[in-house]
Amino acid sequence: MDSQLKLTGTEKDQSREPVIARRALIDPTSRVPLYHQILIILRNQIFSGELRPGTLLPGEEELAELFQVSRITAKRALNELADAGLVVRERGRGTRVCDAPPPPRVKTSVEGWLENISLMGVATDVRVLEFDYIPAVPEVAEALQLAPDTTVQRTVRVRLLDGEPMSYLITHVPEDIGRSFDRDELGAFPLLTLMERHGVRVADARQSISATLADPEVARALEIHAGSPLLDVRRIVRDMNDRPVEFLRVLYRPDKYQFEMNLKRVRRKEGMRWQSFAPDTPARTQGK
């Protein structure tokens, strides 16, 4: 369903000046509730700066008309924004964007991933939800280069920042490494630290970053709504002997965590292209 989201204003109230003039899409056939789709649209516009601090949002009736939903749906979307601390709702004065909406809490460069994970273990808390030894499913066996059904350690954790869930981690490691620490230690130390104590020398990792939606189990653990968007990061860590020692999947709340990449325009034989570089490493334009 399409709806034109455009705020109109008056000369007397500059906060009601037009701030958006684009097509806003919601899908009535999606499993994601309509109120949550509206919430995501408005939240993204707040974080992007399209809806500036002090901006007066449409009222419940106007918002319902814009998105062609019920007033109850529009009201819930605005209430959820208020609960997230992004807007303030005042009787008789409407709903305004907060002067300083909370930004995403943690940023990391892709280049500094492993170092960031180690530091995160110091700056955050972790809650261990599951800790057991199971036969490796095909995806895990392939990632760790093990025979099917080989026993591996599987853990499920939630990492918290300032007491709020930030990420949902599912980790698999070979059994011999997993036996070197217990559940309590995993709740107190980063996994990389525990593996290093076991003598593992991490050399490199391969990771992929995509997006997914929270299923009910993950949503409960992260204290979000089912169907909320998440960053989906999967990583295979290898030691100095090129042995896979960890297969990790992390689901991040995008309102709590962001990836950044530093890019430099460089010349190659095939022409100009973008190249990533570590933020503390001088970028050099290469070519002949």
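Computed from a predicted model, the values in this text were never measured in an experiment.

A word on the nonpolar core
A general tendency of soluble globular proteins is for nonpolar side chains to be buried together.
Part 1 of the reasoning: Core analysis: the biggest nonpolar cluster contains 21 residues, and I38, L42, I46, L57, L63, F67 and L81 have the highest contact counts within it.
Part 2 of the reasoning: Of the residues forming this core, the biggest block, six residues, is contributed by helix 1 (residues 34–48).
Part 3 of the reasoning: Formed by twelve residues, the second largest nonpolar core is a distinct cluster that contains V158, I170, L230 and L251.

A word on the sheet that holds strand 10 (residues 229–239)
Either a parallel or an antiparallel arrangement is found when strands of a sheet pair, and the pairing is made through backbone hydrogen bonds.
Part 1 of the reasoning: Strands sit in the order 6-7-8-11-10-9 across an open sheet of six strands; the sheet is antiparallel. Two strands bound the open sheet, and with one partner strand each, they are strand 6 (125–135) and strand 9 (202–213). Averaged over all pairs of adjacent strands, the angle between their axes in this sheet comes to 15°, without regard to strand direction.
Part 2 of the reasoning: Bridge count between strand 8 (residues 164–174) and strand 11 (residues 244–252): six bridges; the pairing is antiparallel. Bridge pairing in strand 11 places L169 opposite V250.

Comments concerning the packing of helix 1 against helix 3 (residues 71–83)
Part 1 of the reasoning: For the pair helix 1 and helix 3, interaxial distance at closest approach is 8 Å and the crossing angle is 45°. Taken together, the axes of helix 1 and helix 3 are oblique relative to one another. Seen from above, helix 1 lies across helix 3 with right-handed handedness. Residues L34, Y35, I38, L39, L42, R43 and I46 of helix 1 lie in contact with helix 3, whose contacting residues are T73, R76, A77, L78, E80 and L81.
Part 2 of the reasoning: Residue composition of the contact of helix 1 with helix 3, grouped by class: nine nonpolar, one polar and three charged.

Topic: helix 3
Part 1 of the reasoning: The terminal C-alpha atoms of helix 3 lie 18 Å apart, and with 13 residues this matches the ideal 18 Å at 1.5 Å per residue to within 8%.
Part 2 of the reasoning: When we look at burial in helix 3, the residues that qualify are T73, A74, A77, L78, E80 and L81. For helix 3, the buried positions fall inside an angular range of 155° around the axis, keeping them on one side. The exposed residues of helix 3 that point more than 90 degrees off its buried face are I72 and D83.
Part 3 of the reasoning: As for helix 3, its buried residues are in contact with helix 1, helix 2 (60–67), strand 3 (87–90) and strand 4 (94–97).
Part 4 of the reasoning: Looking one or two places after helix 3, you find G85, whose phi comes out positive at around 80°.

Remarks on the packing of helix 2 against helix 3
When two helices pack together, you describe them by how their axes are tilted relative to each other and by the distance separating the axes.
Part 1 of the reasoning: The geometry of helix 2 relative to helix 3 is characterised by a closest axis approach of 8 Å and an angle of 110° between their N-to-C directions. Relative to helix 3, the element helix 2 lies roughly perpendicular. Where helix 2 crosses over helix 3, the handedness of that crossing is right-handed. For the pair formed by helix 2 and helix 3, the contact residues are E60, E61, L63 and A64 on the first element and R71, A74, K75 and L78 on the second.
Part 2 of the reasoning: Tallied by class, residues from the contact of helix 2 with helix 3 come to four nonpolar, no polar and four charged.

Observations regarding the pairing of strand 14 (residues 271–276)
Part 1 of the reasoning: Across six bridges, strand 13 (residues 263–268) lies against strand 14 in antiparallel orientation. Residue pairing for strand 14: V266 is matched across the bridge by R273.
Part 2 of the reasoning: Between the end of strand 13 and the start of strand 14, which pair antiparallel, lie two residues.

Scoring rules and cut-offs
- Residues numbered from 1 in each chain as written.
- Predicted model: local features only at pLDDT ≥ 70, side-chain atom pairs only at ≥ 80, totals over all residues.
- Heavy atoms only, no water.
- Core = buried A, V, L, I, M, F, W, Y, C linked by side-chain atoms within 4.5 Å.
- Buried < 20%, exposed > 50% of the residue type's maximum accessible area, 1.4 Å probe, protein only.
- Helix = DSSP H or I, 4+ residues; strand = E, 2+ residues; numbered from the N terminus.
- Pairing = 2+ DSSP bridges.
- Axes fitted to C-alpha atoms, helices over the stretch in contact; angles between N-to-C directions.
- Parallel < 35°, antiparallel > 145°, perpendicular 65-115°, else oblique.
- Left-handed = near helix turned anticlockwise from the far one by under 90°.
- Contact = heavy atoms within 4.5 Å.
- Nonpolar A, V, L, I, M, F, W, Y, C, P; charged D, E, K, R; others polar.
- Expected span 1.5 Å × (residues − 1).
- Arc of directions from axis to C-beta.

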